[in-house]
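# Coordinates in review
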Amino acid sequence: GGLTWISSNSNLWRTSMKHALLRPLQFTGWDAVLKVRVSTGLRIQSMDTSVGTLRKAQSLTDDSPECELSVVTPDTTFGIQLEHRVGGLPKNTKFVYVQSALLYTNPWNGQRRVRVSTLALRVAPVASIAFGSMDF
């Protein structure tokens, strides 16, 4: 991956280059902890990244697993694989929720910060119905 600029405006080029070089430094977090929670009836099977699996099901015995990371950047990504628990979802469940919280240290001033994201997924008896309601 990379960036390509074609511009006759040298000031625009300098500004874009400065932004591209400083972006990872400005938005980097140190000493991060990622914690993920899911609705009743689901469990996290594994937590994956582009470099491989961080945690397998055997080590995810608690209901809200967490991973410790030395550094996170704007390009850090995670994926989780979900599975149904024995007994499945409670009856009349319309949505299941996945919530992640990232606690990290701002390298510029040492402040600890939390970033929380919540995703609601529609429950459906047929996969095509659920995929039709997703926003990609």
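Above this note sits the structure.
Residues numbered from 1 in each chain as written. Predicted model: local features only at pLDDT ≥ 70, side-chain atom pairs only at ≥ 80, totals over all residues. Heavy atoms only, no water.

## Some thoughts on the overall build of the chain
For the chain, the helix and strand inventory stands at 2 helices and 7 strands. Starting at the N terminus, the α and β elements of the chain follow one another as α-β-β-β-β-β-β-β-α. Burial status across the chain gives 21% buried among its 136 residues. Restricting the contact set of the chain to residue pairs at least 6 apart, pairs at least 24 apart contribute 64%. When the accessible area of the chain is evaluated, it comes to approximately 10000 Å², of which 55% is carbon and sulfur surface. (Helix = DSSP H or I, 4+ residues; strand = E, 2+ residues; numbered from the N terminus. Buried < 20%, exposed > 50% of the residue type's maximum accessible area, 1.4 Å probe, protein only. Contact = heavy atoms within 4.5 Å. Areas by Shrake-Rupley, 256 points an atom, 1.4 Å probe, with all protein chains shown as cover.)

## A closer look at the nonpolar core
One finds Ala32, Val36, Met47 and Leu102 to be the most contacted residues of the largest nonpolar core, which totals 14 residues. At the level of secondary structure, the elements contributing two or more residues to this core comprise strand 1 (29-38), strand 2 (42-49), strand 4 (66-72) and strand 6 (95-105). (Core = buried A, V, L, I, M, F, W, Y, C linked by side-chain atoms within 4.5 Å.)

## Description of unusual backbone geometry
Phi angles above zero are rare outside glycine, and Asp31 is one such case at about 50°. Along the polypeptide, Asp31 turns up in strand 1. Of the residues examined, Asp31 reaches a relative accessible area of 49% and is grouped as partly exposed. One non-glycine residue, Asn92, lies in the positive phi region at around 60°. Positionally, Asn92 belongs in the loop between strand 5 (79-84) and strand 6.

## What to know about the sheet that holds strand 7 (residues 112-122)
Reading across the sheet, the 4 strands line up as 4-1-6-7 and stay open at both edges, with antiparallel pairing between neighbours. Single-partner strands in this sheet number two, and they are strand 4 and strand 7. Ignoring which end each strand starts from, the neighbouring axes of this sheet average 20° apart. In the sheet, strand 1 pairs with strand 4 via 6 bridges, with the strands oriented antiparallel. Its bridge partner being in strand 4, Leu34 is matched across the sheet by Cys67. (Pairing = 2+ DSSP bridges. Axes fitted to C-alpha atoms, helices over the stretch in contact; angles between N-to-C directions.)

## Topic: the layout of surface pockets
In this structure, the largest pocket spans a volume of roughly 720 Å³. Looking at the largest pocket, it is lined by 31 residues, and the ones nearest its centre are Thr76, Phe78, Leu102, Arg115 and Ser117. Elements with a contribution of two residues or more to the lining of the largest pocket: strand 1, strand 5, strand 6 and strand 7. It is strand 7 that contributes the most residues to the lining of the largest pocket, 7 residues altogether. The class makeup of the residues in the lining of the largest pocket is 17 nonpolar, 12 polar and 2 charged. (1 Å grid on protein atoms, 1.4 Å probe; cavity = no way out; pocket = protein on both sides within 12 Å on 5 of 7 lines; lining within 4 Å. Points joined across faces, edges and corners; volume = space filled by probe spheres on them. Nonpolar A, V, L, I, M, F, W, Y, C, P; charged D, E, K, R; others polar.)

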